[in-house]
Amino acid sequence: MELLSLKKNAIKDSKWFMEQAYKEALKAYRTNEVPIGAVIVKNGEIIARGHNEKELKQDATLHAEITAIRKACKKLNSWRLNDCDMYVTLEPCPMCAGALISQDKDFIYRRA
């Protein structure tokens, strides 16, 4: 029974984190960007958020995933995002996939 309860909580948490990524995507949509959002979670807490800002800031690298990774690295003072999960609203482009692959094996990528 306890394992079932833990599983239900994990599913509930995952859904909530994905909803937060969706809220980031809405921010991008409202500024005429491709509506993609991402959040990075460590120990059950969101440590970074990002959404597309390529058009707004005229920077081809400002994808949701890259922005979230940069913010998380700054917060953790490390380029390694060990034991972190990323929730993102769409599968990554090749640039973002490369950034995700470079992370530690304990970094988990989840998409809608």
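This is a predicted model, so every value here is computed, not measured.

K.L.:
Describe the environment of Ile36, and please don't skip the residues or the numbers.
P.N.:
The topology assignment puts Ile36 in the loop between helix H1 (2-30) and strand S1 (37-42). Judged by relative accessible area, which is 10%, Ile36 ranks as buried. Among residues more than four places away in sequence, those in contact with Ile36 are Glu24, Ala25, Ala28, Gly50, His51, Asn52, Ala64, Val88, Thr89 and Leu90.

K.L.:
Give me the lowdown on the environment of Ile47, citing residues and values where you can.
P.N.:
Mapping Ile47 onto the fold places it in strand S2 (residues 45-51). C-alpha separation for the pair Ile47 and Ala68, spaced 21 residues apart in sequence, amounts to 8.7 Å. Ignoring any residue separated from it by four or fewer positions in sequence, one finds Ile47 in contact with Ile40, Lys42, Ala72, Lys75, Leu76 and Cys84.

K.L.:
Please set out the packing of helix H3 (residues 64-76) against helix H4 (residues 94-101) residue by residue, giving values where relevant.
P.N.:
The geometry of H3 relative to H4 is characterised by a closest axis approach of 9 Å and an angle of 30 degrees between their N-to-C directions. Regarding the angle of H3 to H4, the classification is roughly parallel. Residue-level contacts link Glu65, Ile66 and Ile69 of H3 to Met95, Cys96, Ala99 and Leu100 of H4. A class-by-class count of the residues in the contact of H3 with H4 yields six nonpolar, no polar and one charged.

K.L.:
Now, about the pairing of S1: what can you tell me, with residues and values included?
P.N.:
A large share of S1 lies buried, amounting to five of its six residues. Pairing of S1 with S2 involves six bridges; the strand directions are antiparallel. Bridging across to S2, Val41 finds its partner in Ile46. Count of turn residues in the S1/S2 antiparallel hairpin: two residues, of which Asn43 carries a positive phi of about 55 degrees. Two strands pair when backbone bridges link them, and S1 and strand S3 (residues 84-88) are joined in this way by five bridges, in the antiparallel orientation. Bridge pairing links Val41 to Asp85 in S3.

K.L.:
Would you mind going over H4 in detail, with residue names and values included?
P.N.:
Looking only at H4, the buried set comprises Cys96, Ala99 and Leu100. Considered in projection along H4, the buried side chains sweep an arc of 100 degrees and stay on one side of the axis. Along H4, exposed side chains directed more than 90 degrees from the buried face belong to Pro94 and Ile101.

K.L.:
Can you tell me about the packing of aromatic side chains, naming the residues and giving the values?
P.N.:
Summed over all chains, the structure comprises two aromatic pairs. Between Trp16 and Phe17, the ring centres sit 5.4 Å apart and the planes meet at 70 degrees, which makes this aromatic pair edge-to-face. On the accessibility criterion, Trp16 (42% relative accessible area) is partly exposed. The exposure class of Phe17 is buried, given its relative accessible area of 7%.

Cut-offs used in this document
Residues numbered from 1 in each chain as written. Predicted model: local features only at pLDDT ≥ 70, side-chain atom pairs only at ≥ 80, totals over all residues. Heavy atoms only, no water. Helix = DSSP H or I, 4+ residues; strand = E, 2+ residues; numbered from the N terminus. Buried < 20%, exposed > 50% of the residue type's maximum accessible area, 1.4 Å probe, protein only. Contact = heavy atoms within 4.5 Å. Axes fitted to C-alpha atoms, helices over the stretch in contact; angles between N-to-C directions. Parallel < 35°, antiparallel > 145°, perpendicular 65-115°, else oblique. Nonpolar A, V, L, I, M, F, W, Y, C, P; charged D, E, K, R; others polar. Pairing = 2+ DSSP bridges. Arc of directions from axis to C-beta. Phe/Tyr/Trp six-rings, centres within 6.5 Å; stacked < 30°, edge-to-face > 60°.

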